[in-house]
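Notes for the structure review
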Protein chains: 2
Amino acid sequence: MSLLTIGTVAFDTIETPFGKAERVIGGACTYISWSASYFTDNIHLVSVIGDDFPKNELKALEERGVNLEGLEIKSGEKSFFWAGRYHDNMNSRDTLVTELNVLADFNPVVPEAARSAKYIMLGNLTPAIQKQVLDQLDGSQKLIVLDTMNFWMDVALEELKEVIKRIDVLTINDEEARQLSGQHSLVKAAAVILEMGPKILIVKKGEHGALLFQGDEIFFAPALPLAEVCDPTGAGDTFAGGFIGYLAATDDLSVNNVKKAIIIGSAMASFCVEAFSLNRLKNLNSKEINDRIHKFKQLTHFEV
Amino acid sequence: MSLLTIGTVAFDTIETPFGKAERVIGGACTYISWSASYFTDNIHLVSVIGDDFPKNELKALEERGVNLEGLEIKSGEKSFFWAGRYHDNMNSRDTLVTELNVLADFNPVVPEAARSAKYIMLGNLTPAIQKQVLDQLDGSQKLIVLDTMNFWMDVALEELKEVIKRIDVLTINDEEARQLSGQHSLVKAAAVILEMGPKILIVKKGEHGALLFQGDEIFFAPALPLAEVCDPTGAGDTFAGGFIGYLAATDDLSVNNVKKAIIIGSAMASFCVEAFSLNRLKNLNSKEINDRIHKFKQLTHFEV
């Protein structure tokens, strides 16, 4: 099934206790698309870049089955740039620089062919832009997934709530679930958030795994304990890409398949953090991915 | 198989966002013994109390199959008392009062009949006392589990390391594993700690579950997401009691059975936090326990 991904395509400068990566390829939509591309090849990407973005990176995406018709290239302008520094525990980070550049007046145009995409991944952007995308869809969608962050809850809560009403799956982290719901218990937070519109809530807890709330069902996907986490940037987007890429490929929204999709998203995220930027994510094969998914299965498996 | 539990039997005053419980029954050994008693009834308890400790509480323990021959009652003295206040997130707490009382000069004497107990649970106490207990065992043990805390790593590290050399299973939390090993990554921390002597390391992560490290094997037991956590006091001890109680009952130390024991410990801990003190833990039946274990199984289960 066709998949539409929306989000940033950008440059990042990242400092972690393992080193520094300067002006490397980043952006939510880049991570989402690369991750999804291991499962499905009918991907439309909608984003905006300047003419400073390397052409070979775009070519590599196209070779993965990503259609770039919806990627606006603004001549004479610069791509979005973010710089951040991770703390020693890798769980928190400081933003050092945010240069919106082309993102400042981004008005996404969804190409005609992508308006009927059945699976939609709205990466983290302003709720206003996410709404603009929703307004261009033809209404035939099977699953719309939204990612957002605490910043939009602080500055654009009402707009965000309007968007949340219209989507099927919300992915946020535990602190954001608490902020959005006003509830400390994640069980209570999920009940409040599922009343806002989505059928499914996925709470990402980083190194502590992810929780799925769907009706009365709770599912827990662990994170793989790793000897070394090199760079957590993009892990959430990589998770989302694997999740929706697998669902688009299988076109099966049964509870069990959604659980499998979460494990697959978690497996993809576990690769992402092993290297800076997309360095690990660009060099995977299906055996490595299957072995990793098997490791996730083993991690919680016991005979009764 | 016979089980020997060592630790405090005490009074607690606990404040949580849900209320305050004054001078209620607490102590590591109390939680361990109650929890284990749902799986096995051949339990020897070694601890010390003053004559202020309620007789009906001791009778209740005896009715659960707990032999109190090793419980010293010091006439005219007071039982150990701890008071603490939990923060809003329930993950951290401040100690308000610690009155050692009878614990100040506790010299545990393991009764003759308990020296050949096959399963040993050394609850959190000074490493010196834990060593005294080990020295009285007859050497025929099948499994010795040790619980400890960061405080002993701060003030008695070398003594603690001597004790750790002599045990089979160490249970500590994630921050303690990092402190003991000097490694931030739990995978690396486990490798360092397993070199210190134990065959198995269990890292307790509270609301984020528990990790088992055994050789190259890693197993993850989730925590049950709960709508309300009333009082986390004793959850770690209840976990340990369920873990070793189940192993003592089944006398099966295969990797799979150890995993099951961790799930059972987690299930017991999930009951413990539902009420102050031992209020929930004292009123369980086997159907409730089996249903809860089933919930844990479901929480991570998916069909491949």
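Residues numbered from 1 in each chain as written. Chains lettered and ligands numbered in written order. Predicted model: local features only at pLDDT ≥ 70, side-chain atom pairs only at ≥ 80, totals over all residues.

**What about the overall build of chain A?**
A count of helical and extended segments in chain A gives 10 helices and 14 strands. Relative to the compact-globule value of 19 Å for 304 residues, chain A shows a C-alpha radius of gyration of 18 Å, a close match. Looking at chain A as a whole, 49% of its 304 residues are labelled buried. For chain A, the share of sequence-separated contacts (at least 6 apart) that also reach a separation of at least 24 residues comes to 67%. (Helix = DSSP H or I, 4+ residues; strand = E, 2+ residues; numbered from the N terminus. Rg over C-alpha atoms; globule rule 2.2 N^0.38 Å. Buried ≥ 20, exposed ≤ 12 C-beta atoms within 10 Å, placed from the backbone. Contact = placed C-beta atoms within 7 Å.)

**A closer look at the sheet that holds strand E3 (residues 19–26) of chain A**
All names here are of chain A. Strand order in the open sheet formed by four strands is E3-E2-E7-E8, with mixed pairing between adjacent strands. Every other strand in the sheet has two partners, leaving E3 and strand E8 (93–99) as the edge strands with one partner each. Taking the axes of each pair of neighbouring strands and ignoring which way they run, one obtains an average angle of 15 degrees across the sheet. Relative to E8, strand E7 (residues 80–86) is paired through six bridges, and the arrangement is antiparallel. Across the sheet, Phe81 pairs through a bridge with Glu99, a residue of E8. (Pairing = 2+ DSSP bridges. Axes fitted to C-alpha atoms, helices over the stretch in contact; angles between N-to-C directions.)

**As for the interface of chain A and chain B**
The interface is formed by 28 residues belonging to chain A together with 28 residues belonging to chain B. Elements with a contribution of two residues or more to the side of chain A that touches chain B: helix H7 (186–195), strand E14 (217–221), helix H9 (255–272) and helix H10 (286–300) of chain A. Here the side of chain A that touches chain B takes four residues from H9(A), the largest share from any one element. Looking at the side of chain A that touches chain B, its residues break down into 14 nonpolar, six polar and eight charged. (Nonpolar A, V, L, I, M, F, W, Y, C, P; charged D, E, K, R; others polar.)

**Observations regarding the packing of helix H1 (residues 28–36) of chain A against helix H8 (residues 235–250) of chain A**
Packed helices, taken two at a time, are described by their axes: the angle between them and the distance between them. All names here are of chain A. Here H1 crosses H8 at 40 degrees, and the two axes come no closer than 7 Å. Relative to H8, the element H1 lies oblique. Remark: the crossing between H1 and H8 carries right-handed chirality. Counting all contacts with H1, which are made through Ala28, Tyr31, Ile32, Ser33, Trp34, Ser35 and Ala36, the residues of H8 involved are Asp237, Thr238, Ala240, Gly241, Gly242, Ile244 and Gly245. Here the contact of H1 with H8 is built from residues that sort into seven nonpolar, six polar and one charged. (Parallel < 35°, antiparallel > 145°, perpendicular 65-115°, else oblique. Left-handed = near helix turned anticlockwise from the far one by under 90°.)

**Some details on the relation of the copies chain A and chain B**
Of the transformation placing chain A onto chain B, the axial shift is 0.0 Å and the rotation is 180 degrees, giving an RMSD of 0.0 Å. Both copies of the chain, as the preceding transformation shows, are related through a two-fold rotation axis. Looking at the interface residues of chain A, 100% of them are also at the interface in chain B, so both copies use one shared face. (Least-squares fit on C-alpha atoms with pLDDT ≥ 70 in both.)

**Describing the sheet that holds strand E2 (residues 10–16) of chain B**
Residues and elements named next belong to chain B. Read across the sheet, four strands follow the order E3-E2-E6-E7 without closing on themselves; strand pairing throughout is mixed. Two strands bound the open sheet, and with one partner strand each, they are strand E3 (19–26) and strand E7 (93–99). Averaged over all adjacent pairs, the angle separating strand axes in this sheet is 15 degrees, with direction ignored.

**Things to note about the environment of Asn67(B)**
All names here are of chain B. One can find Asn67 in strand E5 (residues 66–74). Separated by 13 residues in the primary sequence, Asn67 and Pro54 have C-alpha atoms spaced 17 Å apart. Apart from the residues lying within four places of it in its own chain, the contact partners of Asn67 are Ile43, His44 and Leu45.

**A look at the pairing of strand E12 (residues 210–214) of chain B**
Residue and element names in this part refer to chain B. Most of E12 is tucked away: four of the five residues are buried. Linkage of strand E11 (residues 200–204) to E12, two consecutive antiparallel strands, is achieved through a turn of five residues, within which Gly206 is found at a positive phi near 60 degrees. Taken together, the five bridges between E12 and strand E13 (residues 217–221) define a ladder with antiparallel strand orientation. Bridge pairing links Leu212 to Phe219 in E13. Between E12 and E13, which pair antiparallel and follow one another directly, the connecting turn spans two residues, one of which, Gly215, has a positive phi of 60 degrees.

**Brief notes about the pairing of E8(A)**
With zero of seven residues buried, E8(A) lies mostly on the surface of the structure. What sits between the antiparallel neighbours E7(A) and E8(A) is a turn of six residues, in which Met90(A) has the positive phi angle 65 degrees.

**Points about the packing of helix H6 (residues 174–181) of chain B against helix H7 (residues 186–195) of chain B**
All names here are of chain B. Taken N-terminus to C-terminus, the directions of H6 and H7 make an angle of 55 degrees; their axes are 9 Å apart at the nearest point. Of the possible angle classes, the one that applies to H6 and H7 is oblique. Along this stretch, H6 crosses H7, giving a crossing that reads as left-handed. Note on element contacts: H7 touches H6 through Leu186, Ala189, Val192 and Ile193, opposite Asp174, Ala177, Arg178, Leu180 and Ser181. Grouping the amino acids of the contact of H6 with H7 by side-chain chemistry returns six nonpolar, one polar and two charged.

**Considering the nonpolar core**
A general trend in soluble globular proteins is that nonpolar side chains are found buried together. In terms of nonpolar packing, the biggest core is built from 196 residues, with Val145(A), Ile244(A), Ile262(A), Val145(B), Ile244(B) and Ile262(B) touching the most fellow members. With residues near it in sequence (within four places) discarded, Val145(A) still touches Ile120(A), Met121(A), Leu122(A), Ile167(A), Asp168(A), Val169(A), Thr171(A), Ala240(A) and Ile244(A). (Core = buried A, V, L, I, M, F, W, Y, C linked by C-beta atoms within 7 Å.)

**Structural notes on helix H1 (residues 28–36) of chain B**
Across the nine residues of H1(B), nine count as buried, placing the element largely inside the fold. Turning to H1(B), its buried residues are Ala28(B), Cys29(B), Thr30(B), Tyr31(B), Ile32(B), Ser33(B), Trp34(B), Ser35(B) and Ala36(B).

**Remarks on helix H6 (residues 174–181) of chain A**
Residue and element names in this part refer to chain A. Along H6, the residues classified as buried are Glu176, Ala177, Leu180 and Ser181. On an axial view of H6, the arc spanned by its buried residues comes to 120 degrees, and they lie on one face. Its buried side turned inward, H6 meets helix H4 (150–155), strand E11 (169–173), H7 and strand E12 (200–204). Downstream of H6 by a residue or two, Gly182 has a phi angle that is positive, lying close to 75 degrees. (Arc of directions from axis to C-beta.)

**Notes on the environment of Val192(A)**
Mapped onto the elements of the fold, Val192(A) is located in helix H7. The residues touching Val192(A), leaving out its near neighbours within four places in the chain, are Ser181(A) and Gln183(A).

**Observations concerning unusual backbone geometry**
Residues and elements named next belong to chain B. For Arg23, which is not glycine, the phi torsion reads 45 degrees and is therefore positive. Within the secondary structure, Arg23 sits in strand E3. Even without being glycine, Ser277 reaches a positive phi, approximately 50 degrees. Relative to the helices and strands, Ser277 is located in the loop between helix H9 (255–272) and helix H10 (286–300). With 22 C-beta atoms packed within 10 Å, Ser277 lands in the buried category.

**Remarks on the confidence of the model for chain A**
Looking at chain A as a whole, its pLDDT mean stands at 96, while 100% of the residues score no less than 70. Predicted complex metrics record ipTM = 0.89 and pTM = 0.93. (pLDDT = per-residue confidence, 0-100.)

**Some remarks on the environment of Leu96(B)**
Residue and element names in this part refer to chain B. For Leu96, the position within the fold is in strand E7. For Leu96 and Leu211, which are 115 residues apart along the polypeptide, the C-alpha to C-alpha distance reads 30 Å. In this structure, Leu96 is in contact with Ala83, Gly84 and Arg85, ignoring residues within four places of it in sequence.

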